[in-house]
Amino acid sequence: MKKLILLAAAVLFQTAVFAQTTWKVDKAHARLQFTVTHMSVSDVDGNFKDFDVTITSSKPDFSDAKFDMTASVASINTGNDMRDGDLKSDHFFNLALDPTITFTSTRIVKTTANHYKLSGNLTMHGITKLVTFDLWYRGTIVNPMSKANDAGFQLTGTVTRTEFNLGSMYPNAILSDDVAIKADGEFAVAK
């Protein structure tokens, strides 16, 4: 009988944990970055300092997860003020007309244990395209500080800048058309 009670308690605990289906990014432990190749010989990295991500899921392995992301173009940072200004201009993101980048997932497919293909609509510079990223669910742990569950994810992939009309005047030999994307984050159940 004692074993049955313990089993029931464990099942109820797991159900309670994942009955809360909305997870918010812990911005202190998250990063949204990109890398582009310049002149075919060097990589230039940048990131967005102001972004938000929400995950909605009812399954503990996140196999039914939906991701929603917004990033502020004004927060773009490459470590070079002149380059950041150019990226915010109408040559690239056109901050004045399109201040936000968004991604809304439309499909998640498990490929191996804790690895997924995450597809969705990415909108930049007023253009929306269907893109697919690799998603690694790094696990869920009990945060020793908050005593609440934290889930970790890493997203990687590539987007084609000219599909979004970003820097169209620059040929691939000067600025690579492929832009590598990498995002890491810890998420806690929203309160």
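Residues numbered from 1 in each chain as written. Predicted model: local features only at pLDDT ≥ 70, side-chain atom pairs only at ≥ 80, totals over all residues. Heavy atoms only, no water.

**Student:** In this structure, what is going on with the nonpolar core? I would like to understand it.
**Tutor:** The nonpolar side chains of a soluble globular protein tend to be buried with one another. Residues Phe67, Phe93, Ile101, Phe153 and Val159 are the most contacted members of the largest nonpolar core, which totals 43 residues. Of all the elements, strand β1 (residues 22-38) adds the most residues to this core, at 6 residues. Once residues within four sequence positions are removed from consideration, Val159 is found in contact with Leu122, Met124, Val131, Phe133, Phe164, Asp177, Asp178, Val179 and Ile181. (Core = buried A, V, L, I, M, F, W, Y, C linked by side-chain atoms within 4.5 Å. Buried < 20%, exposed > 50% of the residue type's maximum accessible area, 1.4 Å probe, protein only. Helix = DSSP H or I, 4+ residues; strand = E, 2+ residues; numbered from the N terminus. Contact = heavy atoms within 4.5 Å.)

**Student:** What is the right way to read the environment of Thr100 from this model?
**Tutor:** Assignment of secondary structure puts Thr100 in strand β6 (residues 100-112). Using a relative accessible area of 39% as the deciding quantity, one classes Thr100 as partly exposed. When the C-alpha positions of Thr100 and Thr70 are compared, they lie 6.6 Å apart, and in sequence the two are 30 residues distant. If we ignore the near neighbours within four places in the chain, the residues touching Thr100 are Thr70, Ala71, Val73 and Thr123.

**Student:** Can you help me understand the packing of aromatic side chains in this one?
**Tutor:** Describing an aromatic ring pair means giving the distance of the ring centres and the angle of the ring planes. By the definition in use, this model includes 10 aromatic pairs. When the centroid spacing of 5.5 Å and the interplanar angle of 90° are considered together, the rings of Phe67 and Phe153 count as edge-to-face. One end of the pair, Phe67, is in strand β4 (residues 66-72); the other, Phe153, is in strand β9 (residues 149-160), and 86 residues separate them in sequence. A relative accessible area of 7% places Phe67 in the buried class. By relative accessible area, which is 4% here, Phe153 ends up buried. (Phe/Tyr/Trp six-rings, centres within 6.5 Å; stacked < 30°, edge-to-face > 60°.)

**Student:** I'm lost on the environment of Glu163 in this one. Help?
**Tutor:** With respect to the secondary-structure elements, Glu163 resides in the loop between β9 and β10 (178-189). When its relative accessible area of 41% is taken as the criterion, Glu163 is described as partly exposed. In contact with Glu163, not counting residues within four places along its chain, are Ile127 and Lys129.

**Student:** Is there a simple way to explain the side chain of Ser72 in this structure?
**Tutor:** Within the fold, Ser72 resides in strand β4. Under the relative-accessibility criterion, Ser72 is labelled buried at 18%. Non-local contacts of Ser72, meaning those with residues more than four positions away in its chain, are made with Phe48, Asp50 and Pro99.

**Student:** For this particular structure, what's the right way to read the side chain of Asn94?
**Tutor:** Here Asn94 shows up in the loop between α2 (81-88) and β6. Beyond its immediate stretch of four places on either side in the chain, Asn94 contacts Leu87, Lys88, Ser89 and His125.

**Student:** For this particular structure, what's the right way to read unusual backbone geometry?
**Tutor:** Backbone geometry follows two general trends: most residues other than glycine have a negative phi, and most peptide bonds adopt the trans configuration. In the Ramachandran plot, Ser40 falls in the positive-phi region, its phi being about 65° despite a non-glycine side chain. Within the chain, Asn165 stands out as a residue other than glycine whose phi angle is a positive 55°. For Asn165, a relative accessible area of 40% puts it in the partly exposed group.

**Student:** It is not clear to me how a nonpolar patch on the surface should be interpreted in this structure. Could you clarify?
**Tutor:** Among the surface-exposed residues, Met39, Val41 and Ile174 lie close enough to one another that they form a single nonpolar patch of about 290 Å² accessible area. Note that Met39 resides in the loop between β1 and β2 (42-48). (Patch = residues over 30% accessible without salt bridge, like charges linked within 9 Å, V, L, I, M, F, W, Y side chains within 5 Å. Areas by Shrake-Rupley, 256 points an atom, 1.4 Å probe, with all protein chains shown as cover. Salt bridge = Lys/Arg side-chain N within 4 Å of Asp/Glu carboxyl O.)

**Student:** Can you walk me through the pattern of salt bridges in this structure?
**Tutor:** Pairing between side chains becomes possible if they bear opposite charge and their charged atoms approach one another. Under the defined criterion, the tally for this structure stands at 6 salt bridges. Notably, a salt bridge pairs Arg138 with Asp184, separated by 3.9 Å at the nearest N-O pair. Taken as a pair, Arg138 in strand β8 (residues 127-142) and Asp184 in strand β10 lie far apart in primary sequence, 46 residues in all. The exposure class assigned to Asp184 is partly exposed, which follows from its relative accessible area of 22%. A salt bridge links Lys182 to Asp184; the shortest N-O distance between them is 3.4 Å. Through salt bridges with shared partners, one network takes in Arg138, Lys182 and Asp184.

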